[in-house]
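# Tertiary structure, described
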Amino acid sequence: MQRDKLTPYVQDHSYLKEYQQELDTFIAEKITPYDPIFSLTQKVQPIPFKEIKSLTDNSTCLLQWYITGEKILAFIVSADETVKVWQSSEEDGKQLLDTVNNYRRLYYSERGKKEWINQLSNLLQTFADTLHINEIISLIPETCQRLIIIPHWFLHILPLHALPITNSPLNKVSTSNSPLNKGGWGGSILQDKYDIKYAPSCQLLQITKQRPLNELTNLFAIQNPTKDLIFTDLEVNIISTFFNQKEIIAKDEATENTVINHLKASGSHCYHFSCHGGFNPNNPLESALILANKDELTLGEIFELNFKKSRLVVLSACETGLIDLKSISDEYIGLPAGFLFAGSSSVVSSLWTVSDLSTAFLMMKFYEIVLDKSQNISVPVALKMSQNWLRNLTVKEFEENLEKTTFKQVLNYLQETLSFGDFFELEDAITVTCERIKKLSPNEKPFKNPFYWAAFAAMGI
């Protein structure tokens with residue numbers, strides 16, 4: 001641009017200032033009374049530290065990371081104490097970047113994700129060591145029971161809740177050669193010590209905390225619109241049994257126009273999307289959930305929808321929690337934050353593709369817990385409990401779940417509603433999984449590897 005000596009199209013900037021003032025006035029007078037947070041889409045407004053501290057209490061702390069060009073910083077904010085700061089060495093900063101690059105290289109390998117799955121436990125141990133998670137824990141008050149994590153940069157793509165902590169050596173509990181057992185997990189992890197939820201920023205967390213929490217009485221679900229997620233039909237139909245009111249749009253019917261029209265008319269409290277997702281680094285607003293006929297529900301469209309009645313949005317299946325790793329900005333541009341901004345109180349999303357029967361089991365247990373009115377358990381805690389249940393599920397318990405009436409009823413229903421080819425593919429996939437698991441001893445835990453349960457993270461309240 002300097003070489004070409006380009007001349008600005010608008011030379012008199014006073015007009016631009018007038019237009020900006022007119023826009024600000026219009027937003028303040030016409031839009032803000034109906035949507036108080038719309039102005040945040042136009043201008044960054046910093047949140048005072050006093051308000052940040054008000055997000056904590058005697059049993060809740062904030063843990064916010066920041067990665068510079070040289071080192072890693074962690075800030076611990078509690079209700080009664082001053083902010084505590086931890087910082088790494090430059091060597092740790094380089095080690096973190098090297099480990100992230102290796103993590104992504106294995107994940108996107110042309111040979112598939114087998115090596116990444118096998119190495120996942122070791123990678124998480126390396127991340128824990130590099131981030132010095134035990135040192136950071138030592139700075140957190142002993143009264144803290146709930147931890148709100150605000151990641152930064154590529155930490156957004158990691159299951160920080162699954163980092164191993166003190167007295168948690170990697171115990172390879174099985175000597176089986178089955179892929180289900182490679183990378184076995186032993187010891188304690190961060191979410192064993194704390195109830196963990198994530199937030200894109202303190203500001204968006206503050207906004208979500210001000211919203212009323214509706215009961216989860218009705219379900220709206222998008223089911224396998226691309227028709228390539230084998231277990232999604234099973235997952236959605238099992239989940240639907242927990243709701244008296246439900247609306248499911250499946251496969252070819254889940255086009256952009258149909259989905260958007262239903263979302264605009266829907267007053268559901270729970271939205272479940274079992275589909276692929278993708279992040280567009282060149283145009284973040286074009287990041288999308290993939291629908292039928294290669295249609296997309298983009299982040300830009302999500303911003304325009306009204307999810308203020310929503311208590312929960314679950315973005316199941318594929319990589320719906322990913323962000324742009326080339327940008328050092330926060331997660332305002334991610335799909336989960338888009339649903340929070342549109343009005344939902346909580347969002348559960350996945351950090352990688354978990355195309356397996358284990359996801360159906362995890363979601364089944366999650367909804368069973370979160371919908372139990374007698375317990376009144378929050379979304380983050382319900383997710384934690386379901387993950388702990390799955391990672392400790394034995395072969396014997398797995399087989400018992402397959403014999404449950406609900407599971408059999410859903411299979412019978414799918415046999416009647418799916419095409420012969422689709423049902424045969426689902427039945428075959430279940431059979432293959434069961435045959436692999438039956439080779440293990442009854443007390444072994446086939447889903448102990450973090451691959452099967454750690455992908456899902458809860459954001460919001």
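None of the values given here were measured: they were computed from a predicted structure. (Residues numbered from 1 in each chain as written. Predicted model: local features only at pLDDT ≥ 70, side-chain atom pairs only at ≥ 80, totals over all residues. Heavy atoms only, no water.)

### Comments concerning the overall build of the protein chain
- The helix and strand tally for the protein chain stands at 16 helices and 13 strands.
- In the protein chain, which comprises 461 residues, the proportion classed as buried is 53%.
- Once local pairs closer than 6 in sequence are excluded, the contacts in the protein chain between residues at least 24 apart make up 78%.
- On the protein chain, roughly 22,000 Å² of surface is accessible, and the fraction owed to carbon and sulfur atoms is 49%. (Helix = DSSP H or I, 4+ residues; strand = E, 2+ residues; numbered from the N terminus. Buried < 20%, exposed > 50% of the residue type's maximum accessible area, 1.4 Å probe, protein only. Contact = heavy atoms within 4.5 Å. Areas by Shrake-Rupley, 256 points an atom, 1.4 Å probe, with all protein chains shown as cover.)

### Description of the layout of surface pockets
- In this structure, the second largest pocket spans a volume of roughly 570 Å³.
- Lining the second largest pocket are 23 residues, and of these Leu213, Arg311, Asn376, Ile377 and Ser378 lie nearest its centre.
- For the lining of the second largest pocket, the secondary-structure elements that each account for two or more residues are β4 (146–150), β5 (195–198) and α13 (379–391).
- Among the residues making up the lining of the second largest pocket, the classes are represented as 11 nonpolar, 4 polar and 8 charged. (1 Å grid on protein atoms, 1.4 Å probe; cavity = no way out; pocket = protein on both sides within 12 Å on 5 of 7 lines; lining within 4 Å. Points joined across faces, edges and corners; volume = space filled by probe spheres on them. Nonpolar A, V, L, I, M, F, W, Y, C, P; charged D, E, K, R; others polar.)

### Topic: a nonpolar patch on the surface
- A cluster of nonpolar side chains, Tyr15, Leu16 and Tyr19, forms an exposed patch at the surface whose accessible area comes to about 330 Å².
- Assignment of secondary structure puts Tyr15 in helix α1 (residues 14–31).
- According to the relative accessible area criterion, Tyr15 is partly exposed, its value standing at 45%. (Patch = residues over 30% accessible without salt bridge, like charges linked within 9 Å, V, L, I, M, F, W, Y side chains within 5 Å. Salt bridge = Lys/Arg side-chain N within 4 Å of Asp/Glu carboxyl O.)

### Looking at the packing of aromatic side chains
- Taken as a whole and assessed by the stated rule, the structure comprises 21 aromatic pairs.
- With 4.9 Å between their ring centres and 85 degrees between their planes, Tyr107 and Tyr108 make a pair best called edge-to-face.
- The class for Tyr107 is buried, based on a relative accessible area of 6%.
- Between the aromatic rings of Phe243 and Tyr367, the centroid separation amounts to 5.9 Å while the plane-to-plane angle is 70 degrees, which identifies the pairing as edge-to-face. (Phe/Tyr/Trp six-rings, centres within 6.5 Å; stacked < 30°, edge-to-face > 60°.)

### Things to note about the pattern of salt bridges
- Scanning all chains against the criterion turns up 9 salt bridges.
- Close ionic contact of Asp233 with Lys251 constitutes a salt bridge, the shortest N to O distance being 3.3 Å. Of this pair, Asp233 sits in helix α8 (residues 232–240) while Lys251 sits in the loop between β7 (245–250) and α9 (256–265), and the two are 18 residues apart along the sequence. In terms of burial, Asp233 and Lys251 fall into one category: buried.
- For Asp422, the salt bridge goes to Lys251, with nearest N and O atoms at 3.1 Å. On the criterion of sequence distance, the pair formed by Asp422 in helix α16 (residues 420–438) and Lys251 in the loop between β7 and α9 is long-range, its members being 171 residues apart.

### A look at the pairing of strand β3 (residues 84–87)
- Here 4 bridges tie strand β2 (residues 72–77) to β3, and the two strands are oriented antiparallel to one another. The partner of Leu73 across the bridge, within β3, is Gln87.
- Counting the residues between successive antiparallel strands, the hairpin from β2 to β3 contains 6 residues. (Pairing = 2+ DSSP bridges.)

### As for the nonpolar core
- Membership of the largest hydrophobic core comes to 128 residues, with the highest contact counts inside it found for Trp65, Leu234, Phe273, Trp352, Phe366 and Tyr367.
- Those residues in contact with Trp65 that lie beyond four places of it in its chain are Ile72, Leu73, Ala74, Leu131, Ile133, Ile136, Ile149, Ile150, Pro151, His152, Leu155 and Leu160.
- Within the second largest apolar cluster, 11 residues are counted, among which are Ile47, Ile150, Ala199 and Ile461. (Core = buried A, V, L, I, M, F, W, Y, C linked by side-chain atoms within 4.5 Å.)

### Quick word on the confidence of the model for the protein chain
- This prediction gives the protein chain a mean pLDDT of 84; 88% of its residues lie at or above 70.
- Contacts of residues 168–185 to residues separated by more than four positions or lying in other chains number 50 contacts, the stretch itself having pLDDT below 50. (pLDDT = per-residue confidence, 0-100.)

### A few points about the pairing of β7
- Bridge count between strand β6 (residues 218–223) and β7: 6 bridges; the pairing is parallel. In the sheet register, Ala221 faces β7, and the bridge partner there is Ile248.
- Taken together, β6, α8 and β7 form a β-α-β motif whose crossover is right-handed. (Right-handed = clockwise from strand over helix to strand, strands pointing away.)

### Observations concerning the side chain of Lys365
- The topology assignment puts Lys365 in helix α12 (residues 357–370).
- On the basis of relative accessibility, which here comes to 14%, the residue Lys365 falls in the buried class.
- Ignoring any residue separated from it by four or fewer positions in sequence, one finds Lys365 in contact with Ser386 and Trp389.

### Examining helix α3 (residues 90–107)
- In this model α3 runs 26 Å from its N-terminal to its C-terminal C-alpha over 18 residues, within 8% of the 26 Å that 1.5 Å per residue would give.
- For α3, the full list of buried residues reads Asp92, Gly93, Leu96, Thr99, Val100, Tyr103, Leu106 and Tyr107. Buried positions in α3, seen along its axis, are confined to an arc of 160 degrees and lie on one side of it. Exposed residues pointing more than 90 degrees away from the buried face of α3 are listed as Glu91 and Lys94.
- Packed against the buried residues of α3 are β1 (60–67), β2 and α4 (114–130). (Expected span 1.5 Å × (residues − 1). Arc of directions from axis to C-beta.)

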